[in-house]
Amino acid sequence: MRNVLITGGAGFIGSNLAKYFVKNEYNVQILDNLFRGRIENIESILKDQNNSFYNLDLAINDSIEIVQNILDEFRPDFILHYAAINGTQYFYDLPYEVSVTNSLTTYHLLEGLKLVLEGDSTYRPKFILASTSEAYNEPFNIPTNENDLTYTRITQLRDSYLTAKLMSEFYVKTFAHKYDIPFLIFRIFNVYGPNMIGSKYGQVIPEFIQRIKEGEYPLKVFGNGSHTRCFTYIDDHVDISYRVIISDTVNEIINIGNDDETSIKELAILILDKMGHTPKILYLKERDGDHKRRVPDISKLKSIVGDY
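All values derive from a computational prediction rather than experimental measurement. (Residues numbered from 1 in each chain as written. Predicted model: local features only at pLDDT ≥ 70, side-chain atom pairs only at ≥ 80, totals over all residues. Heavy atoms only, no water.)

Participant: An account of the overall build of the chain is needed here, citing residue identities and associated values.
Facilitator: Looking only at helices and strands, one finds 10 helices and 13 strands in the chain. Taking 2.2 N^0.38 as the reference for a compact globule, 308 residues should give roughly 19 Å; the C-alpha atoms of the chain span a radius of gyration of 19 Å, in line with that estimate. Each of the 308 residues in the chain was classed as buried or not, and the buried ones make up 54%. Taking all contacts inside the chain whose residues are at least 6 apart in sequence as the whole, residues at least 24 apart take part in 77%. Accessible surface, the chain as shown: approximately 14,000 Å² in total, 49% of it carbon and sulfur. (Helix = DSSP H or I, 4+ residues; strand = E, 2+ residues; numbered from the N terminus. Rg over C-alpha atoms; globule rule 2.2 N^0.38 Å. Buried < 20%, exposed > 50% of the residue type's maximum accessible area, 1.4 Å probe, protein only. Contact = heavy atoms within 4.5 Å. Areas by Shrake-Rupley, 256 points an atom, 1.4 Å probe, with all protein chains shown as cover.)

Participant: Give me the lowdown on the nonpolar core, citing residues and values where you can.
Facilitator: The nonpolar side chains of soluble globular proteins are, as a tendency, buried together. Formed by 35 residues in total, the largest nonpolar core has its most connected members in Phe21, Leu80 and Phe186. Judged by nonpolar contacts, the second largest core, of 26 residues, contains Leu31, Val116, Leu117 and Ala176. (Core = buried A, V, L, I, M, F, W, Y, C linked by side-chain atoms within 4.5 Å.)

Participant: Describe the side chain of Ser103, naming the residues involved and giving the relevant values.
Facilitator: By secondary structure assignment, the location of Ser103 is in helix α5 (residues 95-119). Ignoring sequence-local partners within four residues, the contact set of Ser103 consists of Ala164, Ser168 and Tyr171.

Participant: Run through the environment of Asn255, naming residues and quoting values.
Facilitator: By secondary structure assignment, the location of Asn255 is in strand β11 (residues 252-256). For the pair Asn255 and Lys300, spaced 45 residues apart in the sequence, the C-alpha separation amounts to 7.7 Å. At 2.7 Å, the side chain of Asn255 forms a polar contact with the side chain of Tyr136. Of the polar contacts made by the side chain of Asn255, one reaches the backbone oxygen of Asp297; its length is 3.1 Å. (Polar contact = N/O pair within 3.5 Å; in protein donor to acceptor, adjacent residues only side chain to side chain.)

The structure is reproduced here in structure tokens:
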């Protein structure tokens, strides 16, 4: 039986990936500190004793030895690193915690893997880092290619998240070079679907839905609504990601998403209409440093998985 280790595996994307791998006859080892993840998300797969859950905070030094022990025991074919503090409002409210935690989790995971590799030179897992479309910041090109410039702004608290992700990308790429293991870096564009966090610390679609349910009307939107994003439904995202992970593709940075651009105004109107409200929006002051547009060039992705 094949094994896959998923950090952040009780979170929104991680738990759906875990279920998909189980469906495809993998045993799954899940690491999560349940800061944003929920055990309810993975209860169904934990009924099988071949799947394991570890309540582990990868931001602490002691996690290195625990990671080493888990890897030594299961020897996963794939290591999927999805653990992170996500949710845009956190980037503004907890920028220090976001930047430190999201870089340390990657470092400690790799340090645990290093101890295993140094004891067994034949072990060669494929390491997948869940990075972010935010890496492109305010992009210079639309659609944005994997070779386009990535950068961070020291003046912007929002960049706490992308800075940690870029640091993590560098950790992974240099680690893979030193220890000769295959890797993939996924720059993930907006994903949505059931069981997402609906508070202000979640993402825009569930947050809009939750606020409307709680009686907010007109719906409040930061800025003038012209900001754009590209959204992918969770089932499609997981299927695409899985196909890339199990493919022969290695040592690549890949945009994961679609290129169907939607403005936040269009999104707000659609959600209001679907929830039985005449669309009415109250525009607020734009959040400092928010990105205007985000559209991926998905030609590399399509070269791997075909049209989708």
